[in-house]
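Listed below are the residues making up each chain.
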Amino acid sequence: QEVDKKVSESDQDLLTKIKKHLGEKVSEVIVSSRLTDSASCLVVPKNEPGAQLRRILEASGQTMDASNPIFEINAKHKLLKKLKDLKGKQFNSFVDFLYDYAVIAEGGSPQDPAKYLRQLDKYLSSWAPLNVLRSIVTHCFPTLFHVLSGETVGHAVGHLPSFCLCETRNLLLW
């Protein structure tokens, strides 16, 4: 993992607030210098099996010790810049959203998928410009591309927030 050694004071305050909110879900929160397109990711601590290997081992009946990932953030990403402006419950809710975003990016599922989709719908319909929408849909809703490529709509519909369903016709123009 590559960590930016020069963390500004405001970024350090942000890291502390994020860690305080996430608590035991993560071992630490760091600013990454390697993330460019994603807002956040989960990194497995050194000497720990990756998420995919962990799932395979657990499926084969092996017990695994609990492991908390490192939450790595891209302080230059638009979603993190938005986070810096939030306070209280809005801040905490958005941190949960970014954590679930990272879980999905690593191939997992959010603890409460319905809550995640409600949050996504709320954020997209209230402030997301088209490029943020495109980024989130690309990373989080790959089933949408089955719809766009002409495959059956039924499977993907259950995975899309209402905002995306309303805007599917516009998304075809990408």
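Higher on the page you've got the structure.
Let me sum up the structure you'll find in this document. Note that the structure is predicted; figures quoted are calculated from it, not measured.

## Comments concerning the sheet that holds strand β2 (residues 40-43)
Point 1. Reading across from one edge, β1-β3-β2 is the order of the three strands in this open sheet, with mixed pairing throughout. Where the open sheet ends on each side, the last strands, each with one partner, are β1 (28-31) and β2. Across the sheet, the axes of successive neighbouring strands diverge by a mean angle of 25°, strand direction being ignored.
Point 2. Both β1 and strand β3 (residues 70-73) contribute to a ladder of four bridges, which runs parallel. Paired with V29 across the strands is F71, a residue of β3.
Point 3. Sheet strands in contact with helix α1 (residues 9-22) are β1 and β3, and its direction is about 150° off that of β1.
Point 4. Across the sheet, helix α4 (residues 88-105) lies against β2 and β3, angled at about 60° from β2, the strand it touches most.

## Observations regarding the packing of aromatic side chains
Point 1. Under the counting rule described, the total for this entry stands at three aromatic pairs.
Point 2. Between the aromatic rings of F71 and Y99, the centroid separation amounts to 5.9 Å while the plane-to-plane angle is 50°, which identifies the pairing as tilted. Of the two residues, F71 sits in strand β3 while Y99 sits in helix α4, which places them 28 residues apart along the sequence.
Point 3. Classification of Y99 by relative accessible area gives buried; the value is 12%.
Point 4. With 4.9 Å between their ring centres and 10° between their planes, F97 and Y116 make a pair best called stacked. In this pair, F97 is assigned in helix α4 and Y116 in helix α5 (residues 113-127), connecting sequence segments 19 residues apart. Each member of the pair, F97 as well as Y116, carries the same accessibility label: buried.
Point 5. Here a set of aromatic residues connected by ring pairs shows up, and it is made of F94, F97 and Y116.
Point 6. Sitting over the ring of F91, K17 keeps its end group 4.3 Å from the ring centre.

Each value, and the rule that gives it
As a convention, each chain's residues are numbered from 1 in the sequence order in which they are written. Given that the model is predicted, a residue must reach a pLDDT of at least 70 before its local features are reported, and side-chain atom pairs must reach 80 or more before they are shown or counted; all residues, however, enter totals for whole chains, interfaces and linings. In computing side-chain values, all of the structure's heavy atoms are included and hydrogens and water are not. Strands are treated as partners if at least two bridges between them are detected by DSSP. The secondary structure listing takes helices from DSSP runs of H or I that are at least 4 residues long and strands from runs of E that are at least 2 residues long, numbered from the N terminus. Every axis corresponds to a line fitted to the C-alpha atoms, with the helix fit spanning only the stretch in contact, and the corresponding angles, defined between N-to-C directions, vary from 0 to 180 degrees. Here, residues are in contact when the closest pair of their heavy atoms is within 4.5 Å. A pair of aromatic rings is counted whenever rings of Phe, Tyr or Trp (Trp by its six-membered ring) have centres within 6.5 Å, and the orientation is called stacked for planes under 30 degrees apart, edge-to-face for over 60 and tilted otherwise. We call a residue buried when its accessible area falls under 20% of the maximum for its residue type, exposed when it is over 50%, and partly exposed in between, using a 1.4 Å probe and counting protein chains only. Comment: the charge-over-ring label is applied if NZ (Lys) or CZ (Arg) is within 6 Å of the ring centre and within 35 degrees of the ring normal.

In short, the description is geometric, and any link to function would need to be established separately.
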